[in-house]
Amino acid sequence: MGEEVNRERSSGATPVGAAAGPETVPTTIEIAQGSAVVHLAAPKDGGTTLLALLAEEPEIQVPAPCGGHGRCGKCAVLVNPDGPSRPEPSPADLRFLKPFRLAEGYRLACTCPVSGIDRVVAPPRDRSAFVKSEVPHFDAPADVWQEARSEGRFAVAVDIGTTTVASYLFDTESGEVESVVAEMNRQGVFGADVLSRISFSERAPGNLEHLSRAIRAQLTEMIAALAGGRRPSPGMVVVTGNTTMLHLLAGVSPSGIGRAPFTPAFTECRRLPSDELRLGNRGSVILLPSQAGYVGADIMSAAVAVDMDRDPRTTLLVDIGTNGEIALSHGGTVYTCATAAGPAFEGATISSGVGGVAGALSRWSRSGDVFSFDTIAGLPVVGICGSGLLDLVASLLSDEIVDETGRIDPPRDTPAAWQPLLVEVDGAPAVRYAGGYYLTQKDLREVQLAKAAIAAGIEILCAEAGIETASIERLVLTGGFGNHLRSESAVRIGLLPSLPPDRIVTVDNAAGRGAVLTLRASGTLDRIKKLALQARYIELSGHALFQERYVEQMFFPEVDS
Ligand code: FES
């Protein structure tokens, strides 16, 4: 069933990309995405881009991992599908889009001027986030819970990730989680990673407001969906997330986090009245405390959720996202750091990479002459996501098709099954992993950069604690990507240290569990606050050993013979 919406917008959204020439433009542009159809008023001078026009339109979501800089090639839309007039391809169009797609009418939304466009078809939107939604259950009475009960029958715990937002609804009388909702973070249209969003927030007056409005509107809708029309609406809301996400929710500029010395405007626990953020709840909103610009409340709450502040075992917590956030507990001290891993594992810098969406190739393996792979939701391949990427690279390393320097260099005795998959793309070796989808040499370099940053961060924390990585007794993987990767593949490519499999566990959304625990288990908020104050934060950018370890970790582990 189509849904038609008319938006009157005379000035367009704040420009995200290059401006267009002042040509005659139609008064409205019809934008279709799946069953949704909206009509947007185009600015009279045409001086904006399609992505900018769409930036504030909640019905339409076009991914823009590079933040509209024309660097990722992921924001293609079909322009004037009935032809014939279309804007000339931009240099970014020519770089990222194949000639047949250009001929069909595809253009990158971030470089496409709105002039002369009357109809746009955006690729189907995938709002669902593939996170597991197991509901944690706790028995202990809670202090914050008592407060939450006084504020309403229902309370909400939220984890705002850069990619995914997860929300849990509590019944404060029964103490049970009633429902869980997880969605892709709608700020994704402003950039895939924290730095892109900080950069967007600084690019024009009003952009910070766009980002704040986007996440507040999303939370308001999620809370309403969780409540399912119950009256009265939920009371208390407890929010965890990375430091930048909490700034954007609060409407506070994250600029300080974007450049050295990466100082956030606030890290302390904040309690805000419901009318300040207007999320549709009736009680207070608690923002959990962060530790540093890149070690946020999400890591603090995750560390407490897996008992790193109490469990005597040497524990490594790794949250692999666009930043690799790492915590290590040893001998009563918790050490933390963050590495700029980049969004390779979320698909943004991989030529055919996608996030965890339906159709993403998420598993890959070879058995004899037979390759097998899985896609999310079992749909036809639309690209490769992080877990599939790790499996594929691990398989290429194990069969020595990729050497330890990351070069695609198949030996003479390459297993026959690989032969038809080893091809050239633009004159360079590549691997065709499905249909018309390829892993290129450049993609492998991106994997090396990302894995080296995380592996070096782990080594530095172990060095600070005075231990070898082999001494880690428990390795906890969490985060949207961490939940899904195969630890054998992560170890094979050297992303994680080589540990016995039984020491590696995955915990589904540990940060969200920490927010849940805050509502439900006595003393959790105090534990998180204490950890944020007492953990030892290691700044890697100025660390004497980091660069050396990072360069070493660019190599893949050699094949065991
Ligand atoms: S190329 Fe358009 S958002 Fe990245």
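See the structure printed just above.
What this report covers is the structure whose coordinates are included nearby. (Residues numbered from 1 in each chain as written. Predicted model: local features only at pLDDT ≥ 70, side-chain atom pairs only at ≥ 80, totals over all residues. Heavy atoms only, no water.)

Time to look at the packing of helix α11 (residues 441-465) against helix α16 (residues 546-553). Between α11 and α16, whose axes approach to 8 Å, the crossing angle comes to 130°. Between α11 and α16, the angle falls in the class oblique. For the crossing formed where α11 meets α16, the hand is right-handed. Contacts between α11 and α16 involve Leu-449, Lys-451, Ala-452, Ala-453, Ala-455, Ala-456, Gly-457, Glu-459 and Ile-460 on the former and, on the latter, Phe-546, Arg-549, Tyr-550 and Gln-553. (Axes fitted to C-alpha atoms, helices over the stretch in contact; angles between N-to-C directions. Helix = DSSP H or I, 4+ residues; strand = E, 2+ residues; numbered from the N terminus. Parallel < 35°, antiparallel > 145°, perpendicular 65-115°, else oblique. Left-handed = near helix turned anticlockwise from the far one by under 90°. Contact = heavy atoms within 4.5 Å.)

As a further point, take the sheet that holds strand β17 (residues 370-375). Where strands meet in a sheet, backbone hydrogen bonds hold them as pairs that are either parallel or antiparallel. The sheet built from 3 strands is open, its strands ordered β17-β16-β18 with mixed pairing. In this open sheet, the two strands that pair with only one neighbour each are β17 and β18 (383-384). For strand β16 (residues 360-367) and β18, the ladder comprises 2 bridges, and the chain directions are parallel. Within the sheet, the bridge partner assigned to Ala-360 lies in β18 and is Gly-383. Its contacts with the sheet place helix α10 (residues 386-398) against β16 and β18, and it is angled at close to 25° to β16. (Pairing = 2+ DSSP bridges.)

Every α-helical turn comprises 3.6 residues, leaving residues that sit three or four positions apart pointing alike. Those residues of helix α15 (residues 524-534) that fall on the buried side of the exposure criterion are Thr-524, Leu-525, Arg-527, Ile-528, Leu-531 and Ala-532. Mapping the buried residues of α15 onto a view down its axis gives an arc of 160°, with all of them on the same face. More than 90 degrees from the buried face of α15, the exposed residues found are Asp-526, Lys-530, Leu-533 and Gln-534. Summarising the contacts, the buried residues of α15 are in contact with α4 (143-151), α9 (297-305), β15 (333-339) and α14 (510-520). (Buried < 20%, exposed > 50% of the residue type's maximum accessible area, 1.4 Å probe, protein only. Arc of directions from axis to C-beta.)

Let us look at the sheet that holds strand β20 (residues 428-434). Strand order in the open sheet formed by 3 strands is β19-β20-β21, with antiparallel pairing between adjacent strands. With one partner strand each, in any of the chains shown, β19 (422-425) and β21 (437-440) form the two edges of the open sheet. Direction aside, the axes of adjacent strands within the sheet are offset by 50° on average. The pairing of β19 with β20 spans 4 bridges and is antiparallel. Looking across to β20, one finds that Glu-424 is bridged to Pro-429. Contacts between α10 and the sheet are confined to β20 and β21, with β21 contributing the most and set at about 60° to the helix. Set on the sheet, α11 makes contact with β20 and β21; between it and β21 the angle comes to about 60°.

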